[in-house]
Structures are given as structure tokens and as C-alpha cells.
Amino acid sequence: MAEREKLVLAYSGGLDTSVAIRWLKDQGYDVVALTIDLGEKKDLDAIQERALQVGASAAYVVDGKKKFLELFVWPSLQAGAVYEKEYPLATAIGRPLIAAMLVQVARQENAQGIAHGCTGKGNDQVRFDVSTQALAPELKVVAPVREWGMNREDEIEYAAQHGIPVPASVESPYSTDENLWGRSIEAGILEDPWAEPPGDVWDWTRDPRDCPDEPTYVEIGFKEGIPVSLDGKPVDSVTLVETLNQAGGQNGVGRIDHLENRLVGIKSREIYEAPAAVILLQAHQALEDITLTKDVARFKDVVAAQWAQMVYDGLWFSPLREALYAFVKHTQRHVNGEVRLKLYKGTSMVAGRKSKDQLYRMELATYGRGDQFDQSAAAGFIKLWGQGVRTASQVQGQLHSLDLSALVGGDVKKLTAGGE
Ligand code: ARG
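Calculation criteria
- Per chain, residues are indexed from 1 in the order of the written sequence.
- Since the coordinates come from a predicted model, pLDDT governs what is reported: local features require at least 70, and pairs of side-chain atoms require 80 or more to be given and counted, while whole-chain, interface and lining totals use all residues.
- Excluded from the side-chain calculations are hydrogens and water; all other atoms, namely the structure's heavy atoms, are used.
- To qualify as a helix, a DSSP run of H or I must reach at least 4 residues; to qualify as a strand, a run of E must reach at least 2; elements of each kind are numbered from the N terminus.
- Between the two quantities, the radius of gyration covers C-alpha atoms and the globule rule is 2.2 Å times the number of residues to the power 0.38.
- Relative accessibility under 20% of the residue-type maximum defines a buried residue, over 50% an exposed one, and the middle range a partly exposed one, all with a 1.4 Å probe and only protein chains included.
- It only takes one pair of heavy atoms within 4.5 Å for two residues to be counted as in contact.
- For the purpose of counting charges, residues Lys and Arg are taken to be positive, whereas Asp and Glu are taken to be negative. His and the chain ends are not included.
- All charge positions are set by atom: Lys at NZ, Arg at CZ, Asp at CG, Glu at CD.
- At least two bridges found by DSSP between two strands are what make those strands a pair.
- Note on definitions: angles span 0 to 180 degrees between N-to-C directions of axes, and those axes are lines fitted to C-alpha atoms, for helices only across the stretch in contact.
- A cutoff of 4 Å decides nearness: a residue is near a molecule or strand if any of its heavy atoms lies inside that distance of it.
- Throughout this description, a polar contact denotes any pair of N or O atoms lying within 3.5 Å of each other; where both atoms belong to protein, one of them has to be capable of donating a hydrogen while the other can accept it, and for residues adjacent in sequence the pair is counted only when both atoms sit in side chains.
- To be clear on the numbers: accessible area is Shrake-Rupley with a 1.4 Å probe, and residue cover counts the displayed protein chains and nothing else.
- The residues that make up patches have over 30% relative accessible area and no salt bridge, and they are joined within 9 Å when like-charged or within 5 Å when they are Val, Leu, Ile, Met, Phe, Trp or Tyr.
- Counted as salt bridges are all cases of a side-chain nitrogen of Lys or Arg within 4 Å of a carboxyl oxygen of Asp or Glu.
- Throughout, the term roughly parallel applies to angles under 35 degrees, roughly antiparallel to angles over 145, roughly perpendicular to angles from 65 to 115, and oblique to all others.
- Crossings are assigned a handedness: left-handed for a near helix turned anticlockwise from the far helix by less than a right angle, right-handed for a clockwise turn.
- Confidence scores labelled pLDDT are given residue by residue by the predictor and lie between 0 and 100.
- The term nonpolar core refers to a set of buried residues drawn from Ala, Val, Leu, Ile, Met, Phe, Trp, Tyr and Cys, joined through side-chain atoms within 4.5 Å.

*Asks:* Explain the overall build of the protein chain to me, please; I cannot follow it from the model alone.
*Replies:* Of regular secondary structure, the protein chain possesses 15 helices and 14 strands. The C-alpha radius of gyration of the protein chain comes to 27 Å, more than 25% above the 22 Å expected for a compact globule of 420 residues. Its C-alpha atoms give the protein chain principal-axis dimensions of roughly 110 × 50 × 50 Å. When the 420 residues of the protein chain are sorted by exposure, 45% land in the buried category. A separation of at least 24 residues holds for 73% of the contacts in the protein chain among residues at least 6 apart in sequence. If the 45 positive side-chain charges of the protein chain are averaged to one point and the 59 negative ones to another, these points end up 6 Å apart.

Spelled out as C-alpha cells, the structure:
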């Protein structure tokens, strides 16, 4: 008899992936479960037990928190990656790491492929599948949810028939995903884009009406664009992000309501809670404002948008994303210094920024004493700056569509010296 093919399944412990273990077994596969902790605060021991109970032949649990932040989140923070100006990409940045770990365990276990519990309508399937193709083209990818044609009720029935314990999460009307960089919430009433998110959507962040009356200040220190200290003390990546999620959440910072464009052509509405991401992206931007030249900063915005789109679209492991990082890393050499932020009733505001490498020079910017800017040179500079429009006006006449005579018309009050 031929040996059973082996698959390594990304196992969250939820309904879909629990049913998937059993379903894959019935399809003839040997299933190894892999659960990766990216900071979702779940009972990992219970999940590992459940995987075996439901039918996996082995169950791995890996702590991926530090690797997630240092290898995936920090480069994205340095890039300034935000999808469609709103979404800091928590779920999207987590997927390539999970895929890479699936591939590694598949190799260790001599498995023929990997499996995941994504539906056929979302972005996550793309991220898992494409990452796997990039890292291990020889492995196959099996996505049971995409194939089995069961809806939620069918799955619950299937679970009951096969003695699969149904996790408590099926009670929730929402579909959620979380890791240290943020929490994503969709489905239920949120599918109506006119409906304001009800209170039970929020888990990490307080309603601004219930926030403390005194603001919280945080001071974040960066070295080459990577946050390394909090309130003047060195801090490790995981502690920093956990602390900022707490501090931000208590002050209602990090709520996002995004109507986004999925790669598969669907517009969807997703709610995000991402206090640490919002705070760190804002702080990093503030430090770049004071340390990057105008040209680098503006070109970097283009790179940031491209990075965000590629990561959203599943192309973390791709030649262009790697090349963009070479650019981003080079720009971060002078992004050193401190940023102070004020967290207060749903807002986060930069209160101060400083850097030993700052291009902001008081002696140039000041309107007060010590002004070293040569104002007399401005006239000549502006004469040449305006040369082009002056020539066009002289040769071709009016350049614009503004009717000057209609600007200063009836609504005028005029007084003349000496009276009428
Ligand atoms: N829309 C987000 C993305 O594509 C999050 C997807 C997962 N969301 C969820 N609620 N399960 O990155």
C-alpha cells in the first residue's frame, strides 16, 4: 500500500481548521498541525491537545512573536507601510512568516505539502499560496475550505457528527484575526458599510468617552528607523509593542474603519484595532520628517505605497520587495532619535521630536535672533524660479482661467482719503 501523503496544516484551533484536520484525514492525508504564536494570547497548550484529539498525527507550537516583529514588522515600519492610507497590515504581514514556518516544518517532516484554512474569497489564501510557491515550489498547497463547499452551519454539523469539539469562538458574529501588530474584525453587521461598528466589535481599545481624563505621554527612541527604547529605557521588541498596545488601547487610540480593495476584486469592510502600529508609524514618520531630505522623503512615500500593496497582495517573498528593502534600509541610516507622543481620548499626537542627525536647523528656521538664512539671496532665486511662467505669460498671454475682473466686483467697500 502506498504511504499516505503528509501535509503540515496551519492550525489556529478554531472551527475551520479543526474540521480541516478531520476532513484531510478522510481524504487520505496524514496531518501535522502547526500553531504559531504571533501574540494572540490563546491557550496554546489546549490548542495543541485539541489538534491531536481531532486527528493530527503530531502538533507543533512555535513562539513566533520576536521573529514576527524583527523580520517582518520592523522592515514594514521602516518602509512606512500602510495599505490604502488606513490599514497597517497586521494580518497581511503575519502570513508570510506563517507560510515560511509551514515550509520549514514540512521539510523537517518530509511532508509533500502544506495546508491552510483560508476561504477562496480572501487575500490570505493568496499570501499563503504565493509565499509557499516562492519558498518551496515543490510543495503542494491544499486549502480544504476552498474545496469542501460547506458553510458555517454545515461545518458545525460535520463537527458534531465527527465528535469534534466546537470552539467557543463560533458564538461570535464576527470573524477575527489578531497578532501583535493588530486585530482585524469583519462579518456580521459590519458587512453593512453604513452601520457604525457596535461596541462589541472593540476588544483592545476603549471608547474615547471612557478614557482617562489625563493624557498618557510615551517617548520612543529609534535607531536606524527601528524602535529600541521606551521612555528613555532600552526595551525588547515584544515588550515594546505589548506596552504600546496597552497604553494606546487605554486611551482609545488605534481604531480604524476601512472599506478596502481585496486582491480578488471584492470591496470589503474591515475594522482594525492597532494601537501600537498607529503609534509607532506616527512616531517613525515624525522622526523621518526631521531627518530625511525632502527628495528622499517624497520618493519614499511612493516606495511605501508600493510595499504596502505588494505585501497586501501576497508578494512579501518577491524580488521587488527585497529590492525595495535595500532602498528603505539605506534611507534609515539617519533615522535616529526620540519622539514624544501624547495619547488622549482616542487621539495620538506628536508632542516633540529630536535627533542628533536632524536636518531641521533652528538657525535657518528661526524668525528670531540668530537667523543665518541669507534673505537677500531670495529675490534672485525667485526671479529665476518664476522665469518660466513669466515668459509664458509674456509670449502666450493669459495662463489661467481665472477672471480677474469678476474677483473684485460688487462686494467692495472703498474709502478714499479726504472723503467723497
Ligand atoms: N482584510 C485584512 C487583510 O486582508 C484582514 C483579513 C483577515 N480578517 C479577518 N477578520 N479574519 O489583510
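*Asks:* Sorry if this is basic, but what is going on with the sheet that holds strand S3 (residues 58–63) here?
*Replies:* Sheet strands pair by backbone hydrogen bonding; their relative direction is either parallel or antiparallel. Strand order across the open sheet formed by five strands is S3-S2-S1-S4-S5, with parallel pairing between neighbours. Two strands in the sheet have a free side with no partner beyond their single neighbour: S3 and strand S5 (140–142). Ignoring which end each strand starts from, the neighbouring axes of this sheet average 25° apart. Here strand S1 (residues 6–10) pairs with strand S4 (residues 113–115) via three bridges, running parallel. Looking at S4, one finds that Leu9 is bridged to Ala115.

*Asks:* What is the right way to look at the site of the ligand in this model?
*Replies:* Around the ligand, the structure places 15 residues, and the nearest of them are Tyr87, Asn123, Ser175, Glu260 and Glu270. In the environment of the ligand, a nitrogen atom lies 2.8 Å from a nitrogen or oxygen atom belonging to the backbone of Ser175. Protein chains shield 92% of the accessible area of the ligand, which is 350 Å² for the free molecule. Contributions of two or more residues to the shell around the ligand are made by helix H4 (90–108), helix H5 (124–135), strand S6 (175–179), strand S7 (182–186) and strand S12 (267–273). When residues of the shell around the ligand are assigned to their parent elements, the largest contribution, three residues, is made by S6.

*Asks:* Teacher, can you tell me more about a nonpolar patch on the surface here?
*Replies:* Side chains of Leu402, Leu404, Leu407, Val408 and Val412 sit close together on the surface and give an oily, nonpolar patch of about 500 Å² of accessible area. Secondary-structure assignment places Val408 in the segment after helix H15 (404–407). Look at Val408 and you get exposed, because its relative accessible area is 63%.

*Asks:* For this particular structure, what's the right way to read the packing of helix H3 (residues 65–79) against H4?
*Replies:* Between H3 and H4, the shortest axis-to-axis distance is 10 Å and the interhelical angle comes to 130°. Considered as vectors, H3 and H4 are oriented oblique to each other. Crossing of H3 over H4 shows right-handed handedness. Note on element contacts: H4 touches H3 through Ala90, Ile93, Gly94, Pro96 and Leu97, opposite Lys67, Phe68, Phe72, Val73 and Ser76.

*Asks:* Would you take a moment to explain the environment of Glu224 for this structure?
*Replies:* Mapped onto the fold, Glu224 is located in the loop between strand S8 (216–223) and strand S9 (226–230). Expressed as a C-alpha distance, the spacing of Glu224 and Gln306, which sit 82 residues apart in the sequence, is 21 Å. In contact with Glu224, other than residues within four places in its own chain, are Gln78, Gln332, Arg333, Val335 and Asn336.

*Asks:* When you look at the sheet that holds S6 in this model, what are you seeing that I'm missing?
*Replies:* A sheet is described by the order of its strands in space; here four strands give the open sequence S6-S7-S12-S11, paired in antiparallel fashion. The two strands at the open ends of the sheet, each matched to only one other strand, are S6 and strand S11 (255–261). For this sheet, the mean angle separating the axes of adjacent strands, direction not counted, is 25°.

*Asks:* Would you take a moment to explain the confidence of the model for the protein chain for this structure?
*Replies:* Put simply, the protein chain has an average pLDDT of 96, and 99% of its residues get 70 or more. Looking at the elements of the protein chain, mean pLDDT is at its lowest for H15, recorded as 82, and at its highest for helix H9 (residues 275–291), recorded as 99.

*Asks:* Could you clarify how one ought to interpret the nonpolar core in this entry?
*Replies:* For soluble globular proteins, the rule of thumb is that nonpolar side chains tend to be buried together. With 73 residues, the main nonpolar core has Phe68, Leu89, Trp181, Ile220, Leu244, Leu280 and Trp307 as its most contacted residues. Ranked by residue count, the leading element in this core is H4, at 11 residues. Discounting chain neighbours no more than four positions away, the residues touching Ile220 are Pro227, Ser229, Leu230, Leu244, Ile279, Leu280, Ala283, Gly337, Glu338, Val339 and Leu341. Counting 26 residues, the second-largest nonpolar core is a separate cluster that includes Leu7, Leu24, Ala33 and Ile164.

*Asks:* What should I look at first to understand the pattern of salt bridges in this one?
*Replies:* When the charged atoms of two side chains lie near each other, side chains of opposite charge can form a pair. One pass over the structure, following the stated rule, counts 21 salt bridges. Between Asp257 and Arg269 there is a salt bridge, with the nearest N and O atoms lying 2.9 Å from each other. Taken together, the residues Asp257 in strand S11 and Arg269 in strand S12 connect sequence positions 12 residues apart. What makes Asp257 partly exposed here is its relative accessible area of 37%. The structure contains a network of salt bridges with shared partners spanning Arg95, Asp124, Arg127 and Asp177.

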